[in-house]
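A structural walkthrough
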Amino acid sequence: MSKKILITDDEPHIRMLLEQTLEELEDYDVEFFLAENGEEALEIIREEKPGLVLLDVMMPKMNGFEVCRTVKQEWGMDDVFIIMLTAKGQEYDKEKGKEVGADMYITKPFNPDEIVAHAVKVLGIELD
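Since the structure is predicted, the reported quantities are computational estimates derived from the model, not experimental observations. All residue numbers here refer to positions counted from 1 along the written sequence of the relevant chain. Thresholds applied to this predicted model are a pLDDT of at least 70 for local features of residues and 80 or more for the giving and counting of side-chain atom pairs; totals over whole chains, interfaces and linings are not thresholded and use all residues. Side-chain measures here rest on the full set of heavy atoms in the structure, leaving out hydrogens and waters.

Our focus in this paragraph is a negative patch on the surface. Nonpolar side chains (Val, Leu, Ile, Met, Phe, Trp, Tyr) within 5 Å and like charges within 9 Å form the patches, drawn only from residues with over 30% relative accessible area and no salt bridge. Accessible surface area values rest on a Shrake-Rupley calculation with a 1.4 Å probe, where residue burial reflects the displayed protein chains alone. In the sections that follow, a salt bridge refers to a side-chain nitrogen of Lys or Arg positioned within 4 Å of a carboxyl oxygen of Asp or Glu. His residues and chain termini do not enter the charge count, which takes Lys and Arg as positive and Asp and Glu as negative. In this description, the location of a charge corresponds to atom NZ of lysine, CZ of arginine, CG of aspartate or CD of glutamate. Residues Glu 23, Glu 24, Glu 26, Asp 27, Asp 29, Asp 113 and Asp 128 make up a contiguous surface patch of negative charge. In this text, helices come from DSSP runs of H or I with a minimum length of four residues, and strands from runs of E with a minimum of two, each type numbered from the N-terminal end. Structurally, Asp 29 can be placed in the loop between α1 (12-22) and β2 (31-35).

Have a look at this one:
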């Protein structure tokens, strides 16, 4: 499993918040990548094959559902764990997330400790 995390959100402050939330994992050789839209996210996923992708839904160029569908269904990259992290909390949106292959769906505002716990589990990190 790759110890790489891709943070994809069109809001710079959300990307920064997530990176700061997870920065303690750098001590465990976790590498971070940032994308501000879906097209950029797909390029990074294809090149870097991150173990974990934190993916916003509402983004320019390509939304998170389209990115997730491409990665999971078209490319068959089941080893990339995708957490949809979005303000879209309606049941319909959660179902759509499942349909396109999201491994988890978390609504904003999120609990930073929950994000760290999921990252540690997904990447198989043993915290000291």
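Next comes the rest of the account.
Using a 1.4 Å probe on the protein chains alone, a residue whose accessible area is under 20% of its type maximum counts as buried, one over 50% counts as exposed, and one in between counts as partly exposed. Of the residues making up helix α4 (residues 91-100), those classed as buried are Asp 93, Gly 97 and Val 100. Down the axis of α4, the buried set is contained in an arc of 75 degrees. They therefore lie on one face. Those residues of α4 that are exposed and aimed more than 90 degrees away from the buried face are Glu 91, Tyr 92, Lys 98 and Glu 99. What makes two residues a contact is simply this: any of their non-hydrogen atoms within 4.5 Å. Of the surrounding secondary structure, the elements contacted by the buried residues of α4 are α3 (64-74) and β5 (104-107). Positive backbone phi, approximately 105 degrees, marks Gly 101, located one or two places after α4. Each C-beta atom gives one direction from the helix axis, and the arc is the one those directions make.

What the five strands build is an open sheet, ordered β2-β1-β3-β4-β5; its pairing is parallel. On the outer flanks of this sheet lie β2 and β5, each paired with one strand and no other. Between one strand axis and the next, the sheet turns by 20 degrees as a mean value, whatever way the strands run. As defined by bridge partners, strand β3 (residues 52-55) adjoins strand β4 (residues 81-86) across four bridges and the pair is classed as parallel. Paired with Val 53 across the bridge in β4 is Ile 82. Along the sheet, α3 makes contact with β3, β4 and β5, crossing β4 at roughly 175 degrees. Should DSSP find at least two bridges between two strands, the strands are regarded as paired. Where helices are involved, their axes are fitted lines through C-alpha atoms of the stretch in contact, as for all axes, and angles between N-to-C directions lie from 0 to 180°.

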